[in-house]
Amino acid sequence: MNEASKLPVNGTHSNNDIITGSFAVKVGLAQMLKGGVIMDVVTAEQARIAEEAGACAVMALERVPADIRKDGGVARMSDPRMIKEIIEAVTIPVMAKARIGHMVEAQILQALGVDYVDESEVLTPADEEHHINKHKFTVPFVCGARDLGEALRRIMEGAAMIRTKGEAGTGNIVEAVRHARTVNGAIRQVQNMDEDELFAFAKELRAPYALVKLTAELGRLPVVNFAAGGVATPADAALMMQLGVDGVFVGSGIFKSDNPEKRARAIVMAVTHYNDAQILAEISEDLGEPMVGINIDTLGDAERMAARGW
Amino acid sequence: MVTIGILALQGAFVEHEAMVRRLGAQAVQVRKPEQLADLDGLIIPGGESTTMGLVAERWGLVEPLRAWVRSGKPTWGTCAGMIMLADRATGQKEGGQTLLGGLDVTVNRNYFGRQNESFETWLRVPALGEAPIRAVFIRAPAIVAAGAGVEVLATVPGRGEDVIAAVRQGNILATAFHPELTDDLRWHALFLAMVENPVAVA
């Protein structure tokens, strides 16, 4: 499967035919992260723990979503000094979050040398209509999506990787499951449509026809698709893998639990062996208390991060 | 028909699987030691070499994989896989990382830098014919030193000098870039030819 080759290439040409920042190169890194776990970390020390546990990348941020929820107020891009310390601390890729629509935060993150920018609903949106034009960047972007239309709109804007939104900072997997199932269901629908129906369905999805058609041909999203938002246990991670995602983000779930090292390691193993119940049973044993969960029904509309993004 | 195992601990193993099948060979995912039996060749894919090393250790795969490579069975490592096959690596995480070894080279992890420096280019590879071959380098390593028994298949401009991007040594093939991310089947065809006609290794 070659996901990148059919998508528009907009790289920067330099001497010797060395092309950086092309779509193939952006999608390529996401392909290397597949079957892996990307962990939220707030210090260099946590980043080292995550790397040691087998994380395939870390997300550098000042506060994990559970704390953003608790503290309230405006959540912004993290302090560059902290991001630099984390980049220095580990050899695996480092991601960082910019607010939705905040292209300057993204420019700063690119200048810092982060490997992926997450245009994230976990932070307070900076623009209520426009997402960042991600084609203008060399650094690749990952974006959240609740359904196929939202995923394809983000890809149209240049996202090289998609993740479910879930409901971050709750330790509750229900929203991530809903988003994964919604995307999968729509993909199965488009696979059974003829051209006339695809035209109409693209309009309904508010997504470009070419990307809807490509999705139908591939039978999957045209870029790598991870689960995020509410993963707290190895079983949660394996559940998302069995629902067909390519890998898993874990936010508050690790460092808000009793034994982060052990839980991190167990979630990494669960993503490799997601189809082996015997192994899942073994690694789920004796992990200590998981993070305290929140029931989504008790959240007010303003507290729902997944609803951010358009 | 030959059967190729793809180490499926983490990374871009599905892409290799698809390319191997397109060439008419059988492909199976390998996650446990017992799955190494009955294979004719093994591909260690791209991904995060630290993650692969840790997962391999946890499930007792390191020694069986070392024994596999030592016995001269055909093995191909791409990017992270190349790092794992190297006898020596620099630029590793604190405390080092698990390597399988077997390939007499020194690899510099992330030689080409971070994602902003990831690139694609066209390589001239005499062993694969006239036409230049597209190569995608993702946070890629480079071979900075190679032993006498190592055949250099391709080089690429590095920091001020050319560095080695692809090598062959006995039945081991290693590439710093990702043929599985392109549509060109020539690297996979070369590996399958190595599997079908392995050289005798002392």
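Residues numbered from 1 in each chain as written. Chains lettered and ligands numbered in written order. Predicted model: local features only at pLDDT ≥ 70, side-chain atom pairs only at ≥ 80, totals over all residues. Heavy atoms only, no water.

A. Main features of the packing of helix α4 (residues 80-89) of chain A against helix α5 (residues 103-112) of chain A. All names here are of chain A. Relative to each other, α4 and α5 sit at 35°, their axes nearing to 11 Å. As for how α4 packs across α5, the hand of that crossing is right-handed. Touching Pro80, Ile83, Lys84 and Ile87 of α4 are Ile108, Leu109 and Leu112, all from α5. Split by residue class, the contact of α4 with α5 holds six nonpolar, no polar and one charged. (Axes fitted to C-alpha atoms, helices over the stretch in contact; angles between N-to-C directions. Helix = DSSP H or I, 4+ residues; strand = E, 2+ residues; numbered from the N terminus. Left-handed = near helix turned anticlockwise from the far one by under 90°. Contact = heavy atoms within 4.5 Å. Nonpolar A, V, L, I, M, F, W, Y, C, P; charged D, E, K, R; others polar.)

B. Structural context of empty space enclosed by the protein. By the definition in use, this model includes three cavities of 30 Å³ or more. Reported here for the largest cavity is a volume of approximately 190 Å³. Around the largest cavity sit 24 residues that line it, and Pro65(A), Ala168(A), Ala228(A), Gly229(A) and Gly251(A) are the ones nearest its centre. Listing elements by their share of the lining of the largest cavity, those giving two or more residues are β6 (116-120), β10 (247-250) and α11 (252-255) of chain A. Taken together, 13 residues form the lining of the second largest cavity, with Gly47(B), Glu48(B), Cys79(B), Asn110(B) and Arg139(B) sitting closest to its centre. (1 Å grid on protein atoms, 1.4 Å probe; cavity = no way out; pocket = protein on both sides within 12 Å on 5 of 7 lines; lining within 4 Å. Points joined across faces, edges and corners; volume = space filled by probe spheres on them.)

C. Looking closely at a negative patch on the surface. Side chains of Asp194(A), Glu195(A), Asp196(A) and Glu197(A) sit close together on the surface and give a patch of like negative charge. We classify Asp196(A) as exposed; its relative accessible area is 57%. (Patch = residues over 30% accessible without salt bridge, like charges linked within 9 Å, V, L, I, M, F, W, Y side chains within 5 Å. Areas by Shrake-Rupley, 256 points an atom, 1.4 Å probe, with all protein chains shown as cover. Salt bridge = Lys/Arg side-chain N within 4 Å of Asp/Glu carboxyl O. Lys, Arg positive; Asp, Glu negative; His and termini not counted. Charge placed at Lys NZ, Arg CZ, Asp CG, Glu CD. Buried < 20%, exposed > 50% of the residue type's maximum accessible area, 1.4 Å probe, protein only.)

D. Broad picture of the interface of chain A and chain B. Counting residues at the interface gives 50 residues for chain A and 43 residues for chain B. Of the roughly 3,800 Å² buried at the junction of chain A and chain B (both faces included), carbon and sulfur atoms supply 55%. Across the chain A-chain B interface, the total number found is five salt bridges. One salt bridge connects Lys32(B) with Asp276(A), and the closest N-O pair in it is separated by 2.7 Å. (Buried area = accessible area lost by both parts, 1.4 Å probe.)

E. Quick peek at helix α10 (residues 234-242) of chain A. Residues and elements named next belong to chain A. Among the residues making up α10, those that are buried are Pro234, Asp236, Ala237, Ala238, Met240 and Met241. Buried-residue contacts for α10 involve α7 (174-191), β9 (224-227), β10, α12 (260-272) and α13 (277-284). A positive backbone phi angle near 100° is found at Gly244, which sits one or two residues after α10.

F. Spotlight on the pairing of strand β4 (residues 75-78) of chain B. All names here are of chain B. Neither face of β4 is left uncovered, since the one carrying Thr75 and Gly77 and the one carrying Trp76 and Thr78 both have all their residues buried. As paired strands, β4 and strand β12 (residues 172-175) are joined by four bridges and run parallel to one another. Paired with Thr75 across the bridge in β12 is Ile172. (Pairing = 2+ DSSP bridges.)

G. Main features of the packing of aromatic side chains. All names here are of chain B. In total, this model carries 10 aromatic pairs over all chains according to the counting rule given. Between Trp76 and Phe191, the ring centres sit 5.7 Å apart and the planes meet at 45°, which makes this aromatic pair tilted. Taken together, the residues span a long stretch of sequence, with Trp76 in strand β4 and Phe191 in helix α5 (residues 186-196) at a distance of 115 residues. The pair Trp76 / Phe191 is uniform in exposure class, with both members buried. Judged by centre distance (5.5 Å) and plane angle (65°), the rings of Phe112 and Phe137 are edge-to-face. Here Phe137 lies in strand β8 (residues 133-137) and Phe112 lies in the loop between β6 (103-108) and β7 (119-123), a separation of 25 residues in the sequence. Just as Phe112 is buried, Phe137 falls in that class too. What links up through ring pairs into an aromatic cluster is the set Tyr111, Phe112, Phe119, Phe137, Phe177 and Trp187. Here Arg58 stacks its cationic end above the ring of Trp59, 4.2 Å away from the centre of that ring. (Phe/Tyr/Trp six-rings, centres within 6.5 Å; stacked < 30°, edge-to-face > 60°. Lys NZ or Arg CZ within 6 Å of the ring centre and 35° of its normal.)

H. Seen up close, the nonpolar core. Judged by nonpolar contacts, the single largest core of 129 residues is most densely connected at Ile4(B), Phe137(B) and Trp187(B). A per-element tally of this core places α12(A) first, with seven residues. When near neighbours in sequence (up to four residues on either side) are disregarded, Trp187(B) contacts Trp76(B), Val125(B), Leu128(B), Ile133(B), Leu153(B), Ala166(B), Leu173(B), Thr175(B), Phe177(B) and Pro179(B). Counting residues in each nonpolar core, the second largest holds 48 residues, with Ala57(A), Tyr116(A), Val142(A) and Val190(A) among its members. (Core = buried A, V, L, I, M, F, W, Y, C linked by side-chain atoms within 4.5 Å.)

I. Quick look at the layout of surface pockets. There is about 340 Å³ of room inside the largest pocket. If you trace the largest pocket, you find 19 residues lining it, with Val245(A), Asp246(A), Tyr274(A), Phe13(B) and Val14(B) closest to the centre. The set of elements that each furnish at least two residues to the lining of the largest pocket consists of α12 of chain A together with α1 (13-22) of chain B. Per-class residue counts for the lining of the largest pocket are nine nonpolar, six polar and four charged.

By themselves, these are just geometric observations and shouldn't be taken as functional.
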